Amino acid sequence: MSHPTAATATVHGAHHELGFVRTYIFSTDHKMIARQFLFLGLFMMVIGGILAMLIRWQLAWPETPVPGLGWLLTETEGIIPPETYNMLFTMHATLMIFFVIMPILAGSFGNFCIPLMIGARDMAFPRLNMISFWTGAVAGVLMLAGFFVKGGHAAAGWTSYAPLSAVPTYTGTDWGQNLWCISLIVLGASSMMGAINYITTVVNMRAPGMTLFRMPLVVWSLFITAILLLLALPVLTSAAALLLFDRTLGTHWFLPAGGGEPLLWQHLFWFFGHPEVYILILPAMGIASEILPVFARKPIFGYRAMVYSMLSICFLSWIVYGHHMFVSGMDPRVGIAFVLTTMVIAVPSAIKTFNWLGTLWGGSILFTTPMLNALAFVGMFVIGGLSGIFMASTPVDIFIQDTYFIVAHIHYVVFGGSIFGAFAAIYYWFPKMFGRMLNEPLGKLHFWTTFITYNVAFFPMHILGVGGMMRRIYNPTQYEFLQNLQWWNVLITWGAFALGLAQIFFVINFFWSLFAGRRAPMNPWNATTLEWSAPSPPPHLNWGDRIPTVYHGPYEYSVPGVPEDFSPQTRPLPAGAAAHH
Amino acid sequence: MTPASPPAVDDAAVAVDRLLADIGRLPPPPPPEEGGEGRPWGEPERTPLVSNAVLGMLGFMGAETMLFAGLIAGFLVLRYAAVVWPPPFQPRLPIEVTGVNTVVLLLSSATMIRAVRAIRRGNQAGLVGGLGLTAVLGAAFLGVQGYEWARLVGFGLTVTSGSYGATFYTLIGAHGLHVVGALIWLGIVLVRAWRGRFSARAHTPVVVCAMYWSFVVFLWPVLYVLVYLT
Ligand code: HEM
Ligand SMILES: [Cu+2]
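These lines cover the structure that appears in this document, whether it is placed above or below. Note that this is a predicted model, so its numbers are computed, not measured.

What counts and how
Residues numbered from 1 in each chain as written. Chains lettered and ligands numbered in written order. Predicted model: local features only at pLDDT ≥ 70, side-chain atom pairs only at ≥ 80, totals over all residues. Heavy atoms only, no water. Helix = DSSP H or I, 4+ residues; strand = E, 2+ residues; numbered from the N terminus. Contact = heavy atoms within 4.5 Å. Areas by Shrake-Rupley, 256 points an atom, 1.4 Å probe, with all protein chains shown as cover. Donors = N, O, S within 2.8 Å, 3.2 Å for Na, K, Ca; no water. Near = heavy atom within 4 Å. Polar contact = N/O pair within 3.5 Å; in protein donor to acceptor, adjacent residues only side chain to side chain. Nonpolar A, V, L, I, M, F, W, Y, C, P; charged D, E, K, R; others polar. Axes fitted to C-alpha atoms, helices over the stretch in contact; angles between N-to-C directions. Parallel < 35°, antiparallel > 145°, perpendicular 65-115°, else oblique. Left-handed = near helix turned anticlockwise from the far one by under 90°. Expected span 1.5 Å × (residues − 1).

In terms of regular secondary structure, chain B is built from six helices and zero strands. Residue pairs at least 24 apart in sequence account for 77% of intrachain contacts in chain B once pairs closer than 6 positions are excluded. Here chain B displays about 10500 Å² of accessible surface, and carbon together with sulfur accounts for 70% of that area.

Next up, the structure:
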């Protein structure tokens, strides 16, 4: 596919000054857009986190006034009413999935890593990239606006099952749910523009010598994520539009009264929803695959197996979604088909896990903050993946579906996987992104407090789930069989509060380092990939008048015959040195 | 600074490139002042097999296909869940008029192809003529659709009349909106063609617009068969 050529580039117009607005707001520079997505995601994480704290308060001490919330919930003097509780968990999940993890992993690191790591000067369509961010920001504003409309925000769960979501009086929300739909439709447009850009950039804009199988795994993961985004989000768009029509125009897509079909929503939603969970996790997998070799000073184990397992995930994602609907009423034969495909999709994840372990095996591991977070990603993802296998088998799932076991699974894959992956990425690429180093001791403090409190907050949910605690219930103490489990809820809540507080270390570290951190050298981690051959932070168009030429794969660490323990992709391996691939 | 040397491209790639010229090859990269969406200025990399613009358009068409796949799946579910279809006491859809209209729309894709062929030979007048004819046919299609819609509403078929009305207006309306969008885009390209902005070498915007137009055109028979004929 590629025709390596002499890397002689002359860059015209690279040095003209852009004004404030073109530099910081309507910027077309992929690195600035990456920062914008990062700030959007972190800001939304604060809001989503506050909602989570309120959920936990209610579950530990149901129907008691939330300290300091009397001014907001005046009618109940600070007690969270049931409708509000529904809104809290709906919007917590919606924000975290669509406006935290997607903007940070796919939006920010997709933008940051792809051009820099394949040796491009920018995305294929820089202006489209800018529009993509601002469309996403508008979606965010629309989503937040829902909190301020009469009747409150959407309250039918992040899955918004019809008919509950399709008739305003069922949940008591009116424009809240409508804005939920509209916002996700707008977000779909943003994601589509981003996905088109990523795919085109990866296919067409690689530097000389950067063959597909010399691409870093994080680029592979983001490329495959982009394919899933491109093809999955439009299905959500169609579903959200139909829901919106049912609510506003009086159509009956999901309402049996007019010939509609409530299950149709579930099919459309989960046809999108399962690829979506891989959209959330694939970039984190790529990030871990990037960071583990750097700090184990070893090549990645099984590069091609990693690529092929991601490609098979990309394919299998489309044919497993029925595992979310085992109890919605389906033909047992179809159910078995979905059981089998779901078991099969766990295989590529297992392959990846073994490859990560193989990468670590015998390495001289440096326990830096990015490495700690990447290791946590691997460990927590294993727990989440294993609980997934439990639920993939119908006889077990019929017992644990819609319980806190599912909530535990979600949080082990999405927090344990995606968020630890996001933290790993932030700690790893911060020096390149902002040109300054984060503070290591503070980073480690943040990591360990987060890691411990995270497990206190989420592991016991497995026990609660098997004990029968349903998800999305307002007051667990109302059920006699749950009363002797209530102390777990209290423990979880304390864990969650501590987890929330632990993030203060991160905020301090982030903002302090942004302005006063040590200046980052060009290659602080002695890594091999192309972004470390650009200045920290890279200027507009990333490289001076020459773009790098790539001579070998991305994970040449400790190559025998090379004096240093890393061989940048831009430096040919000496004749006779054993290349790994 | 060394002057940019032309990229060394091997023969096979040149042959493939020639073949792919049919679906729009890359014009020389636009200078950054114009802010064109080509590849970043002055790179010496390999010549891509498919230009950025065409690849991006293919991606967009993929996404659009999934959007309509969602809507069509919804339609099929409701349609085959219904005991009688079309439901009794509801107006019938205008099959014949719409059939003729389908032909009109299909014709517009032929004129579009003629327009692209013309500019590939550098024939500016042919381009303007072809695009203009396409726009007229597209507008005619929309006009007839709008007229038929108004009649159906008059006969009492509305979005609220059960799944029959809902599916009809949603699917056909979604397509109609796409035709409107494609027509606006076509209008912009037409104005630029009128001003002589395209040449035999640089006409990617025309090709990309033509791709989208064809997508919208060839989506229509699928919807016509499903919604009107089954
Ligand atoms: C090893 C692979 C995995 C398997 C076998 C698996 C299996 C399952 C199953 C069977 C369910 C449905 C449970 C029920 O509702 O009864 C489920 C739910 C869920 N999974 Fe996974 N999963 C896997 C990986 C992941 C990953 C990587 C993510 C996200 C990053 C994820 C996110 C979710 C979410 C968010 C839900 C809950 C959806 C809801 O709200 O109902 N899963 N998983
Ligand atoms: Cu799933």
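Here we come to the coordination of the iron atom of ligand 1. What the protein offers the iron atom of ligand 1 as a donor is a single atom, His409 of chain A (NE2), at 2.1 Å. Between the two metal centres, the iron atom of ligand 1 and the copper ion (ligand 2), the spacing is 4.6 Å.

This brings us to the site of ligand 1. All names here are of chain A. Not every one of the 24 residues close to ligand 1 is listed here, only the nearest: Trp158, Asp397, Gln401, His409 and Arg471. Separating an oxygen atom of ligand 1 from a side-chain N or O atom of Asp397 is a distance of 2.6 Å. Within the contact set of ligand 1, a nitrogen atom lies 2.9 Å away from a side-chain nitrogen or oxygen of His409. Mapped onto the shell around ligand 1, the elements with two or more residues apiece are α8 (262–296), α10 (332–360), α11 (369–392) and α13 (404–434). Per element, the largest residue contribution to the shell around ligand 1 is six residues, and it comes from α11. A class-by-class count of the residues in the shell around ligand 1 yields 14 nonpolar, eight polar and two charged.

Residue and element names in this part refer to chain A. With their axes 12 Å apart at the nearest point, helix α3 (residues 82–118) and helix α4 (residues 126–145) run at an angle of 165° to one another. In this view, α3 runs roughly antiparallel relative to α4, as classed from their interaxial angle. Handedness of the crossing formed by α3 with α4: left-handed. Judged by residue contacts, Met91, Thr94, Leu95, Phe99 and Asn111 of α3 engage Asn129, Gly136, Ala139, Gly140, Met143 and Leu144 from α4. Considering only residue class, the contact of α3 with α4 consists of six nonpolar, five polar and no charged.

Residue and element names in this part refer to chain B. Across its 31 residues, helix α4 (residues 124–154) extends 45 Å between first and last C-alpha, which sits within 8% of the 45 Å expected from 1.5 Å per residue. Structurally, the start of α4 carries an N-cap: the backbone nitrogen of Ala125 is 3.3 Å from a side-chain oxygen of Asn123. Count one or two residues on from α4 and you reach Gly156, which has phi positive near 100°.

All names here are of chain A. Look at α8 against α10: their axes get within 10 Å of each other, and the N-to-C directions meet at 15°. One finds that α8 runs roughly parallel with respect to α10. At the point where α8 passes α10, the crossing takes the left-handed sense. Residues His274, Tyr278, Met285, Ala288, Ser289, Leu292, Pro293 and Ala296 of α8 form the contact with α10, whose own contacting residues are Ile345, Ser349, Lys352, Trp356, Thr359 and Leu360. Along the lines of polarity and charge, the residues of the contact of α8 with α10 split into nine nonpolar, four polar and one charged.

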